[in-house]
Structures are given as C-alpha cells and as structure tokens.
Number of protein chains: 2
Amino acid sequence: MSRLLQDAVSELSKLPGIGRRTALRLAMHLLRTDSQAVLDMTEAINRFRTQIKHCSKCNNLSDTDVCPICDDNTRDNSTICVVEQVADLMSIENTRQYRGLYHVLGGVISPMQGIAPSDLKIEMLIDRIEQGGVKEVILAISTSVEGETTLFYIMNRLRNYPQLKVTNIARGIGFGDELEYVDELTITHALMNRREIE
Amino acid sequence: MSRLLQDAVSELSKLPGIGRRTALRLAMHLLRTDSQAVLDMTEAINRFRTQIKHCSKCNNLSDTDVCPICDDNTRDNSTICVVEQVADLMSIENTRQYRGLYHVLGGVISPMQGIAPSDLKIEMLIDRIEQGGVKEVILAISTSVEGETTLFYIMNRLRNYPQLKVTNIARGIGFGDELEYVDELTITHALMNRREIE
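Analysis parameters
- Residues numbered from 1 in each chain as written.
- Chains lettered and ligands numbered in written order.
- Predicted model: local features only at pLDDT ≥ 70, side-chain atom pairs only at ≥ 80, totals over all residues.
- Heavy atoms only, no water.
- Salt bridge = Lys/Arg side-chain N within 4 Å of Asp/Glu carboxyl O.
- Helix = DSSP H or I, 4+ residues; strand = E, 2+ residues; numbered from the N terminus.
- Buried < 20%, exposed > 50% of the residue type's maximum accessible area, 1.4 Å probe, protein only.
- Pairing = 2+ DSSP bridges.
- Axes fitted to C-alpha atoms, helices over the stretch in contact; angles between N-to-C directions.
- Contact = heavy atoms within 4.5 Å.
- 1 Å grid on protein atoms, 1.4 Å probe; cavity = no way out; pocket = protein on both sides within 12 Å on 5 of 7 lines; lining within 4 Å.
- Points joined across faces, edges and corners; volume = space filled by probe spheres on them.
- Nonpolar A, V, L, I, M, F, W, Y, C, P; charged D, E, K, R; others polar.
- Core = buried A, V, L, I, M, F, W, Y, C linked by side-chain atoms within 4.5 Å.
- Least-squares fit on C-alpha atoms with pLDDT ≥ 70 in both.
- Buried area = accessible area lost by both parts, 1.4 Å probe.
- Polar contact = N/O pair within 3.5 Å; in protein donor to acceptor, adjacent residues only side chain to side chain.
- Phe/Tyr/Trp six-rings, centres within 6.5 Å; stacked < 30°, edge-to-face > 60°.

A. Structural context of the pattern of salt bridges. All names here are of chain A. According to the stated counting rule, one finds twelve salt bridges over all chains in the structure shown. When the shortest N-O distance is used, the salt bridge between Arg-75 and Glu-93 registers 2.8 Å. In this pair, Arg-75 is assigned in the loop between α4 (68-71) and β3 (76-83) and Glu-93 in helix α5 (residues 86-95), connecting sequence segments 18 residues apart. When its relative accessible area of 7% is taken as the criterion, Arg-75 is described as buried. Here Glu-93 falls in the partly exposed class, since its relative accessible area comes to 24%.

Following this line, the structure appears as structure tokens:
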C-alpha cells in the first residue's frame, strides 16, 4: 500500500469515531477534491488549533480575549448559565431565548477519568460571583452520574452566597418524544413534577 | 460563534458523512490534541493530496510511477483482476491469497452520474491485453446495476481476444451470513450454482 495513502489514513483514523474504513473513504474523497480546497480545509484546522482562545471571563471559545457574548452590553450580566462544554452553550444560543451570560466548565468531575474539580473552571466561576452583580446561576449540566456529582459540588460551593438564586434547568419529557420510548427515571421525574394546567 | 471555530467546523462538515454536529465534535477533539499532532495530520493529508500518483500500469494509487504490485516480479503477470476502486484492491490484497496483478477502473459506468466507459480506465486495460502475456482476466466488480453494466461492457470488449480466459468472482452466501437475512437473488444464485460435496 502507498506510504502517502497509509499516512493519510492512519492520521485520519486517529479522529474519534473514524475507523480505518471510514478514513480510507475520506482519503478517496479528498483525492477527488480540488487540492486547493484540501489546503483550505487543513489551513482552517491549523488556524483554529493554534489561534483559538478561551474567553478570559466565561471560558467560551473565542477569537478575542473576551468573547462576543461577554462583550455584548445588551445582555443581562446578572445571570450566568453554567454549562459543561462549548457545544452546550451553542445549543442554548441557538434557541435565541436566553439573554444572560454563560460559564463553560470545560467538562464534569470524573474520578474514573481523573478529572478533579480543580481541572474545571469552577474557581473562575466563584471569582465572577465574588466580583458581585450576579443574581442568578442557572445550572445546565447533564444528568449523568458525573454531571450530578458536578452539580452537587457547585451547589455546595454556592451555599456561601445566600443572596444568590441557584436554579437547575427543568427535566421532563421532551417535545416530540414518545412516552413509550422515554426512560423510567425521566417519566418518574416528569410525573412528580407535574404542573396544573392554567 | 468564534470565526476560527466556525471556519474549522464548516470545512470539516464538507467531508462525506460528517454533519455539523460531528464536525463540532471533531473540532473539540482537535482542541484537546497537541497542536503538533494536528499539524502532522494536516501535513499528511496535503502530502497525500498533492504527491500521490496513479500507477501507469494498473491505475492503483502509488507513491511511484509504477506501483509495488506491478513492480513485484514474483507476482503472476499473466492474470489481471479488474476492480472498481483502490479499496477493493486492498480488500483482495488483505486476503493474501491472490498473486496476480490488478487493474483499477476508477469507478463504474453510470449514465445517471454521467460516467461513460471513456471516463474509466478500460482502454488502458485493453492496451495491457494488446501487449500480450495476459492469460486470464478476473472481473471482481460489484453486482449493482452500474456494476453489471460495466461487467457486460468489458466482457463485450474482451470478445476480441478469444484466447483470453475471462472469469467472474463467485457469488453466493458469505461465510458467517445467516440465510434468514440473505436477499432472495443471492439465495437463488447460490442454489442454482450449488456444488457437489466431494
């Protein structure tokens, strides 16, 4: 097998979810693609990898020292929504319903994977609260075991600020979900937290 | 959203089978990867795209003008196995059972996709046969409508060489396949082509 092809395939198959067969298919696709377009792609990847910054306020990915969300003075800076990762922030932004700020933890506490609270941007969050002006912290963290651990850890840390309102995003049956396929824990929670129809 | 991230995601999502969500996941993975490793990956891709050649004899991908298979004088150069694409050649090579040469067509005849016989390396195959020394041509082409069209087209062209043995790879039930899940055409074919147990 060609050394050049072998190298390209072995590099591509280092990507998560991409096996050798998919990597080979990708390589064949690249061969049919204009070489300038391939160069544009690899340059965009390297630019992203070397030039991207983390927002010094909220830890969001940013081209600048402070991200456009933190920099936007039309947003409500008294509310901080805490998320695990940038992708979660983007999902919330896509709803166009939330006008507060964010705080990106950069993961969840996971003793199994060796991720301690100090590996996450929790102190950075506490610092923001210490600076004053924050009225509400919304915890939008996943319901996995690691997520719940992280949630309780942060809730514990926030007990020192009794004026602060700490909320959790609502859990329940998603719109369009069929009850038949929803897990028991979610149904139990949705039943217990039922609301009177007004 | 960060321009750098947006560019990387939009470039990655141009790859086949990679949507925006997967592209974002890949970008996040790259961010956790050492930047030198990312550079190594992109360099391998560009090297592959710009430096790879097609073997001047069999159209296999090659680092050199003639591929190592065509260049290997321990192989039987009287037999040519015709395949659609390089991936098929690699699958056959992986069996380590075939010691002849190959001919990579570079696709199949597809009027729907505007691929005519002249877009494939069929003339190149005829030229090889014209040069003499070829005793058998094995057609290892897929059984799709386009594959069968290609098969018949090549078989017709090879009628001009009555001394040439033209064979087709055997179709039947794959090892490990459960009869219950095999399509009717394959079962019909496997029944009609049943062999006496020796």
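B. Fine view of the sheet that holds strand β4 (residues 100-104) of chain A. All names here are of chain A. The parallel open sheet is built from four strands, whose spatial order is β4-β3-β5-β6. Sheet topology places β4 and β6 (165-168) at the edges, where each strand pairs with a single neighbour. If you compare each strand with its neighbour and ignore which way they point, the axes differ by 25° on average. One ladder, built from five bridges, connects β3 with β4; its direction is parallel. Across the sheet, residue Val-83 finds its bridge partner in β4, namely Val-104. The sheet strands contacting helix α6 (residues 122-130) are β3, β4 and β5 (136-140), and the helix crosses β4 at an angle near 150°.

C. Summary view of empty space enclosed by the protein. By the definition in use, this model includes one cavity of 30 Å³ or more. Here the largest cavity is characterised by a volume of approximately 30 Å³. Lining the largest cavity, in full, are Leu-12, Leu-15, Met-41 and Ile-45 of chain A together with Leu-12, Leu-15, Met-41 and Ile-45 of chain B. Put simply, the parts of the chain that give the lining of the largest cavity at least two residues each are α3 (35-51) of chain A together with α3 (35-51) of chain B. The residue inventory of the lining of the largest cavity, partitioned by class, reads eight nonpolar, no polar and no charged.

D. A look at the nonpolar core. Counting 72 residues, the largest nonpolar core has Leu-5, Phe-48 and Leu-61 of chain A together with Leu-5, Phe-48 and Leu-61 of chain B as the members making the most contacts within it. If near-sequence neighbours (up to four positions away) are discounted, Leu-5 of chain A is found in contact with Leu-24, Ala-27 and Met-28 of chain A together with Phe-48, Ile-52, Leu-61 and Met-90 of chain B.

E. Spotlight on the relation of the copies chain B and chain A. Aligned on chain A, chain B shows an RMSD of 0.1 Å; the corresponding rotation is 180° and the shift along the axis is 0.0 Å. Taken together, these values place the two copies in the relation of a two-fold axis. For chain B, the smallest separation between a C-alpha atom and the rotation axis is recorded for Thr-42 of chain B, amounting to 2.6 Å. A shared binding surface is used by both copies, with 100% of the interface residues of chain B retained as interface residues in chain A.

F. Representation of unusual backbone geometry in the model. Although it is not a glycine, Asn-59 of chain A adopts a positive phi angle of roughly 70°. What makes Asn-59 of chain A buried here is its relative accessible area of 7%. Positive phi outside glycine occurs at Arg-96 of chain B, with the angle close to 55°. In this fold, Arg-96 of chain B is placed in the loop between α5 (86-94) and β4 (100-104). Residue Arg-96 of chain B is classed as exposed on the basis of its relative accessible area of 73%.

G. The arrangement of the interface of chain B and chain A in detail. Contact with chain B, which involves 45 residues of that partner, is made by 45 residues of chain A. Interface area for chain B against chain A, summed over the two sides, is near 4200 Å², with a carbon-plus-sulfur share of 76%. If you look at where chain B meets chain A, you find two salt bridges. For Asp-7 of chain A, the salt bridge identified is with Arg-47 of chain B, shortest N-O distance 3.9 Å. In this structure, the connection of chain B to chain A is made through twelve residue pairs in polar contact (both at pLDDT 80 or more).

H. Highlighting the packing of aromatic side chains. Residue and element names in this part refer to chain A. Taken as a whole, this structure holds two aromatic pairs over all chains when the rule is applied. Between Tyr-98 and Tyr-102, the ring centres sit 5.2 Å apart and the planes meet at 65°, which makes this aromatic pair edge-to-face. A relative accessible area of 0% means that Tyr-102 is categorised as buried.

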